[in-house]
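# Coordinate inspection notes
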Amino acid sequence: MKESKTLKWTLISICGIGIVLTSFTVLYELLIPDICYYHTHEMNSFLSLFYSAGPASNGHPEPNILNFIVSLLVGGIIGNGIYKLLTKKTELKIKTTTNTV
C-alpha cells in the first residue's frame, strides 16, 4: 500500500477514538462492576489514578482526564503501528554467490 499522510492520521484518529470508547465503556464495566460500592469504600491506587469520584458524580467513579489522555495515546500508537504494517515494504533481497573451483 502506498504511504499517505491522510491514511496515517485517519488510522491514528480512528484507533484513538476506538480505544477511548472502549476504555469508557467496556473497561469501565470490567473494572467497576458496582459503582455504589465506592460510597462506603476507598478506591485503590490504580482506580484513583484513572478514575475520580467526587461530589459532582455523587461518589460514583468517573473516568478522569488522565484516563482520556492515556487512552488517546495508546490508540494513536496502535494506529501508527497498523499504518506501518500496512505500508511496510517487503523487499527481500536474495544474495547469490557462486563458488569457483
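Because the structure is a prediction, the values reported are computed rather than measured. (Residues numbered from 1 in each chain as written. Predicted model: local features only at pLDDT ≥ 70, side-chain atom pairs only at ≥ 80, totals over all residues. Heavy atoms only, no water.)

So, on to unusual backbone geometry. For N58, which is not glycine, the phi torsion reads 60° and is therefore positive. Looking at the element boundaries, N58 is found in the loop between β1 (51-52) and β2 (62-63). Looking at N58, the relative accessible area reads 54%, which means it is exposed. (Helix = DSSP H or I, 4+ residues; strand = E, 2+ residues; numbered from the N terminus. Buried < 20%, exposed > 50% of the residue type's maximum accessible area, 1.4 Å probe, protein only.)

On to helix α3 (residues 65-86). A rise of 1.5 Å per residue sets the reference length of α3, with its 22 residues, at 32 Å; its end C-alpha atoms lie 31 Å apart and thus fit the reference within 8%. Those residues of α3 that fall on the buried side of the exposure criterion are N67, S71, G75, G76, G79 and Y83. Considered in projection along α3, the buried side chains sweep an arc of 160° and stay on one side of the axis. Exposed side chains of α3 directed beyond 90 degrees from the buried face belong to L73, I77, K84 and L85. On the buried face of α3, the contacting elements are α1 (5-31), α2 (45-50), β1 and β2. (Expected span 1.5 Å × (residues − 1). Arc of directions from axis to C-beta. Contact = heavy atoms within 4.5 Å.)

With that settled, consider the environment of G81. Mapped onto the secondary structure, G81 falls in helix α3. Separated by 69 residues in sequence, G81 and I12 place their C-alpha atoms 8.9 Å apart.

Within the fold, T87 resides in the segment after α3. In this structure T87 comes out as buried when scored by relative accessible area, which is 7%. There is a polar contact of 2.9 Å between the side chain of T87 and the backbone oxygen of Y83. Here T87 is in contact with M1, K2 and E3, once residues within four sequence places are set aside. (Polar contact = N/O pair within 3.5 Å; in protein donor to acceptor, adjacent residues only side chain to side chain.)

Throughout the structure, instances matching the rule amount to four aromatic pairs. With a centroid separation of 6.5 Å and 65° between ring planes, the pair formed by F24 and F68 is classed as edge-to-face. Note that F24 is positioned in helix α1 and F68 in helix α3, a separation of 44 residues in sequence. Classification of F24 by relative accessible area gives partly exposed; the value is 33%. Residue class for F68 comes out partly exposed when judged on its relative accessible area of 34%. With 5.2 Å between their ring centres and 85° between their planes, Y37 and Y38 make a pair best called edge-to-face. (Phe/Tyr/Trp six-rings, centres within 6.5 Å; stacked < 30°, edge-to-face > 60°.)

Without other data, these values stay purely geometric and don't point to any function.
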